[in-house]
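Remarks on the overall topology
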Amino acid sequence: MANFQAVKVTEKVWWVGAIDWHLREFHGYRTSRGTTYNAFLVLDDKVTLIDTVKAPFFEEMRERIASVIEPEKIDYIVSNHAEMDHSGSLAMAMQEFKAEKLFCSMQGEKALKAHFHDKLPAMEVVKTGDSIALGKNSLAFVETKMLHWPDSMVSYLTGEKILFSQDAFGMHLAGSERFADEYCDSVLYEEAKKYFANILLLQSGKIIDLLDNLPGLDLDIDIVAPDHGPVWRNGDHGKIIDLYREFAEQKPEKRAVVLFDTMWHSTEAMANAIAEGLIQSGISTELISLHSCDRSEAITRIMGAGVLAVGTPTINNNMYPSLGDMLTYMRGLKPKIAVGGAFGSFGWSGEGAKQVAEALTLMNIEQPAAPLAVKYVPDAGALARCVEFGKVLAEALKNKLES
Ligand code: FEO
């Protein structure tokens, strides 16, 4: 192997995770900068491993642990989250390290049993308010159900004042640096927003509750150590917590996204004219073609937009397949959009725009105008109607922002 080394977080805590430089797809999310699977080793009377790594990275984690202590000296393993990017190597770790105990939430026990069947020993179930003594420090647990899986929980290490936050406050960002203060703010913002939009958007309400009520956040926290991306130290975690609140609140911005795909450039011409109507009305506007933008980038830009206009050609009596993909993805993530609009060109019967309007309605997105459909190539009159359509969407947003 590569003689992987652990990275010191504090005198008692080491990062022993893995870097997945080449990951470009994470259940539908395009991870253009790869990711890390963070695991942390706590050195105390009871040596404890917090989370593990995706199965193919087990050896990398084992080597990093071995650079600090013999892996067989691990007494406890804590599984904060059962998804396979963090627990994929759990059975191997329990078997090789011969850990005495495995801790997880009640839902975690069910999920891990369903994944590993008889390959894991009996687990010790913990719940919010429980803590385990490790020696000088103890580890307290807070369940964070549906953030973002039923089993999710976070752990707080007293003494070292570290919140091990599993997926929360993370991002998909591979890199040689382990701490947020070693990255530029624009990269952190971009990747945190993309991660939130693609992983956590559906749970925005629960995140606000968590930020308001998580007992751990009232504790004296020096470090937030998520399971992906950089660790927040030196009191820096306020930045990511504030960003999470901003993302979760989804206050409509005076901003529009015109999202479309096109067959023969007619829907594209409509999109341009609608965008022009929005721009002339003073709304900051961005055109996104699904031909050149994947769904995970698109949802990141859509998050927070006050207006979303969606355009599709009609093909074989249906919306274009790329729009079907995008709207299905969006329906799962449920972004809050103040004002929507559907449009598109057609050659035969023109169902596409109506289908988009129905999909927006299913997402509770109000539409101040009926779907705008144009047969074949939009002429000057049709393009003028598109500009007007954009202006109607802009006025509807302004009214909402003022009310
Ligand atoms: Fe990083 Fe929900 O797994």
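Right above here is the structure, for reference.
Comments concerning the overall build of the protein
Per the secondary structure count, the protein includes 13 helices and 21 strands. With respect to the principal axes defined by its C-alpha atoms, the protein has extents near 80 × 40 × 35 Å. The proportion of buried residues among the 403 residues of the protein is 58%. Relative to all contacts within the protein whose residues are 6 or more apart in sequence, the contacts with residues 24 or more apart total 73%. Charged side chains of the protein number 40 positive and 55 negative; the gap between the two group centres comes to 3 Å.

A short note on helix 8 (residues 237–249)
Taking 1.5 Å per residue as the helical rise, helix 8 with its 13 residues ought to reach 18 Å, and the 18 Å between its terminal C-alpha atoms agrees with that figure. Within helix 8 the residues assigned to the buried category are H237, I240, I241, L243, Y244, F247 and A248. Taken down its axis, helix 8 places every buried residue within 160° of arc, on the same side. Residue Q250 follows helix 8 closely and has a positive phi angle near 50°.

Let's talk about the packing of aromatic side chains
Under the counting rule described, the total for this entry stands at eight aromatic pairs. Considering the side-chain rings of F58 and F97, the 5.7 Å spacing of their centres and the 25° angle between planes classify their relative orientation as stacked. Taken together, the positions of F58 in helix 1 (residues 58–66) and F97 in helix 3 (residues 90–97) put the pair 39 residues apart, joining distant regions of the chain. Here the two residues F58 and F97 agree in accessibility, since each one is buried. Taken together, a centroid distance of 4.8 Å and an interplanar angle of 50° make the contact between F169 and Y244 tilted. Of this pair, F169 sits in the loop between strand 13 (162–166) and helix 5 (185–200) while Y244 sits in helix 8, and the two are 75 residues apart along the sequence.

Section: the sheet that holds strand 9 (residues 124–125)
Spatial strand order, 1-2-5-6-7-8-9: seven strands in an open sheet with mixed pairing. With one partner strand each, in any of the chains shown, strand 1 (7–8) and strand 9 form the two edges of the open sheet. When strand 8 (residues 101–104) meets strand 9, the two strands line up parallel, connected through two bridges. In the sheet register, F103 faces strand 9, and the bridge partner there is E124. Strands in contact with helix 3 are strand 6 (48–50), strand 7 (76–78) and strand 8; relative to strand 7, the strand with the most contacts, it is inclined by about 170°. Of the strands in this sheet, strand 8 and strand 9 touch helix 4 (residues 106–116), which is tilted by about 115° from strand 8.

Some remarks on the packing of helix 9 (residues 266–280) against helix 13 (residues 380–402)
It is at 7 Å that the axes of helix 9 and helix 13 come closest, and there the two elements cross at 45°. Here helix 9 lies oblique to helix 13, going by the angle between them. Seen along the crossing, helix 9 lies across helix 13 with a hand that is right-handed. Residue-level inspection shows A269, M270, A273, I274, G277, L278 and Q280 of helix 9 in contact with helix 13, the latter providing L383, C386, V387, F389, G390, K391, L393 and A394. Taken together, the residues that form the contact of helix 9 with helix 13 break down as 11 nonpolar, three polar and one charged.

Points about the pairing of strand 14 (residues 223–226)
Side chains of strand 14 alternate between two faces, with I223 and A225 and V224 and P226 buried alike. Pairing geometry for strand 13 and strand 14, over four bridges, is parallel. What sits directly across from I162, in strand 14, is I223.

A few points about unusual backbone geometry
Residues apart from glycine generally show negative phi values, whereas peptide bonds are mostly found in trans. Across the junction of L147 and H148, the peptide omega takes the value 0°, indicating a cis bond. The phi angle at K98 is positive, at roughly 55°, despite the residue not being glycine. Within the secondary structure, K98 sits in the loop between helix 3 and strand 8. For K98, a relative accessible area of 62% corresponds to the exposed category. Even without glycine at this site, K161 takes up a positive phi of about 55°. Structurally, K161 can be placed in the loop between strand 12 (153–157) and strand 13. Taking the relative accessible area as the measure of exposure, K161 reaches 27% and is therefore partly exposed.

Reading the values: rules and limits
- Residues numbered from 1 in each chain as written.
- Predicted model: local features only at pLDDT ≥ 70, side-chain atom pairs only at ≥ 80, totals over all residues.
- Heavy atoms only, no water.
- Helix = DSSP H or I, 4+ residues; strand = E, 2+ residues; numbered from the N terminus.
- Buried < 20%, exposed > 50% of the residue type's maximum accessible area, 1.4 Å probe, protein only.
- Contact = heavy atoms within 4.5 Å.
- Lys, Arg positive; Asp, Glu negative; His and termini not counted.
- Charge placed at Lys NZ, Arg CZ, Asp CG, Glu CD.
- Expected span 1.5 Å × (residues − 1).
- Arc of directions from axis to C-beta.
- Phe/Tyr/Trp six-rings, centres within 6.5 Å; stacked < 30°, edge-to-face > 60°.
- Pairing = 2+ DSSP bridges.
- Axes fitted to C-alpha atoms, helices over the stretch in contact; angles between N-to-C directions.
- Parallel < 35°, antiparallel > 145°, perpendicular 65-115°, else oblique.
- Left-handed = near helix turned anticlockwise from the far one by under 90°.
- Nonpolar A, V, L, I, M, F, W, Y, C, P; charged D, E, K, R; others polar.

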